Amino acid sequence: MTLIAANLQAVRARIEQAAIAAGRDPATVGLLAVSKTWPADALRAAAAAGQRAFGENYVQEGADKVAELAALDLEWHFIGPLQSNKTRPVAGAFDWVHSIDRLKIADRLSAQRDAHLPPLNVCIQVNVSGEDSKSGVAPDELPALAQAVAALPRLRLRGLMCIPEPTDDVALLRSRFATLRTLKDALVADGLALDTLSMGMSHDIEAAIAEGATIVRVGTAIFGARPYPTAVAPA
Ligand SMILES: *Cc1c(COP(=O)(O)O)cnc(C)c1O
């Protein structure tokens, strides 16, 4: 077994244990393999071990891998910050975008989504950590943004995503994840058909699953420490 296959097996076991501990069906927690900075061969190894969904943060790097691995019929999620002048390749190549934080980006993705493709699945990224984090829409601006995104013809609003501030404080992490769940429940009560909470990374999938995560985004625990710091990765 390759190291990546063994790591995947260990992550799947963590997901299963966390789901059972939370009284949830493990099948309700999807695993997104975050493959940013890793070459296509690493993704091939994960795919050979049964992994279908991959997350990328950088537009060009991600679009290149989508093209290179087209024959494998994988599911592609864009999870990084997105500038409005780089939406077109994302609208063309990806199945999901987790990082919608303003209407301008959503508008462009909807306008640029090819008619022959299914609607682009999207999540709105919410800033659940207040001033400690800069990415994501503020919770008080979420309802208006969610209604506007849900009305766009070529997008399908699936749910919410968050990245809490880095911390080892499990109680704090759980409270951030619980905030995202509460915000999603309020939108559902307002009539939006949402089924996705994208939350939890390598170090905190247990806390996220305990609070209702339906997609955990895991990079390091599958592929190892990244070969270069993501802050200087190619855009
Ligand atoms: C890099 C990244 C991850 C994965 O983080 P790990 O700690 O390596 O599991 C998850 N979500 C987002 C948005 C990321 O940028």
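In what follows, the structure referred to is the one given above.
Described in the following lines is the structure provided in the data block.

**Looking at the overall build of the protein**
- Scanning the protein from terminus to terminus reveals nine helices and eight strands.
- Computed over C-alpha atoms, the radius of gyration of the protein comes to 17 Å, within 12% of the 18 Å expected from 2.2 N^0.38 for 235 residues, which places it in the range of a compact globule.
- In terms of overall dimensions, the protein has C-alpha extents of about 50 × 40 × 35 Å along its principal axes.
- Looking at the 235 residues of the protein, the share that counts as buried comes to 52%.
- When contacts within the protein are restricted to residue pairs at least 6 apart in sequence, long-range pairs at least 24 apart make up 57% of them.
- Computed over 23 positive and 26 negative side-chain charges, the separation of the two mean positions in the protein equals 4 Å.

**A look at the pairing of strand β5 (residues 120-125)**
- The buried fraction of β5 amounts to six of the six residues, a majority that puts the element mostly inside the structure.
- Sheet analysis places strand β4 (residues 96-100) next to β5, joined by three bridges and oriented parallel. When the bridges of β5 are listed, valine 97 appears paired with valine 122.
- Viewed along the sheet, the connection from β4 through helix α5 (residues 103-112) into β5 turns out right-handed.

**Here's the deal with the layout of surface pockets**
- Of the voids in this model, the largest pocket is the one considered here, and its volume is about 640 Å³.
- Looking at the largest pocket, it is lined by 30 residues, and the ones nearest its centre are Lys36, Asn57, Ile79, Gly80 and Pro81.
- Split by residue class, the lining of the largest pocket holds 13 nonpolar, eleven polar and six charged.

**Considerations on the packing of aromatic side chains**
- The final tally for this structure, using the stated rule, is three aromatic pairs.
- Considering the side-chain rings of phenylalanine 54 and tryptophan 76, the 5.9 Å spacing of their centres and the 35° angle between planes classify their relative orientation as tilted. You can see phenylalanine 54 sitting in strand β2 (residues 53-56) and its partner tryptophan 76 sitting in strand β3 (residues 75-78), a full 22 residues away along the chain. As far as burial versus exposure is concerned, phenylalanine 54 and tryptophan 76 are alike and both buried.
- Judged by centre distance (5.5 Å) and plane angle (85°), the rings of phenylalanine 78 and phenylalanine 94 are edge-to-face. In this pair, phenylalanine 78 sits in strand β3 while phenylalanine 94 sits in the loop between α4 (87-93) and β4, placing the two residues 16 residues apart along the sequence. Across the pair, exposure class does not vary: phenylalanine 78 and phenylalanine 94 are buried alike.

**With respect to the site of the ligand**
- Lining the immediate surroundings of the ligand are Val34, Lys36, Asn57, Ile79, Ile163, Met201, Ser202, Arg217, Val218, Gly219, Thr220 and Arg226.
- Here an oxygen atom of the ligand sits 2.7 Å away from a polar atom, N or O, in the side chain of asparagine 57.
- At 2.8 Å from an oxygen atom of the ligand is found a side-chain nitrogen or oxygen belonging to arginine 226.
- Burial of the ligand by the protein chains amounts to 90% of its free accessible area of 390 Å².
- When atoms are counted within 2 Å of each cavity's grid points, the one that captures over half of the ligand is the largest pocket.
- Considering only residue class, the shell around the ligand consists of five nonpolar, four polar and three charged.

**Quick notes on helix α3 (residues 59-68)**
- Of the positions making up α3, those classed as buried are Val59, Glu61, Gly62, Ala63, Lys65 and Val66.
- Structurally, α3 contributes buried residues whose contacts are with α2 (40-48), β2, β3 and α4.

**Topic: the side chain of glutamine 125**
- Here glutamine 125 lies in strand β5.
- With a relative accessible area of 6%, glutamine 125 lands in the buried category.

Calculation rules
Residues numbered from 1 in each chain as written. Predicted model: local features only at pLDDT ≥ 70, side-chain atom pairs only at ≥ 80, totals over all residues. Heavy atoms only, no water. Helix = DSSP H or I, 4+ residues; strand = E, 2+ residues; numbered from the N terminus. Rg over C-alpha atoms; globule rule 2.2 N^0.38 Å. Buried < 20%, exposed > 50% of the residue type's maximum accessible area, 1.4 Å probe, protein only. Contact = heavy atoms within 4.5 Å. Lys, Arg positive; Asp, Glu negative; His and termini not counted. Charge placed at Lys NZ, Arg CZ, Asp CG, Glu CD. Pairing = 2+ DSSP bridges. Right-handed = clockwise from strand over helix to strand, strands pointing away. 1 Å grid on protein atoms, 1.4 Å probe; cavity = no way out; pocket = protein on both sides within 12 Å on 5 of 7 lines; lining within 4 Å. Points joined across faces, edges and corners; volume = space filled by probe spheres on them. Nonpolar A, V, L, I, M, F, W, Y, C, P; charged D, E, K, R; others polar. Phe/Tyr/Trp six-rings, centres within 6.5 Å; stacked < 30°, edge-to-face > 60°. Near = heavy atom within 4 Å. Polar contact = N/O pair within 3.5 Å; in protein donor to acceptor, adjacent residues only side chain to side chain. Areas by Shrake-Rupley, 256 points an atom, 1.4 Å probe, with all protein chains shown as cover. Sits in = over half its atoms within 2 Å of the grid points.

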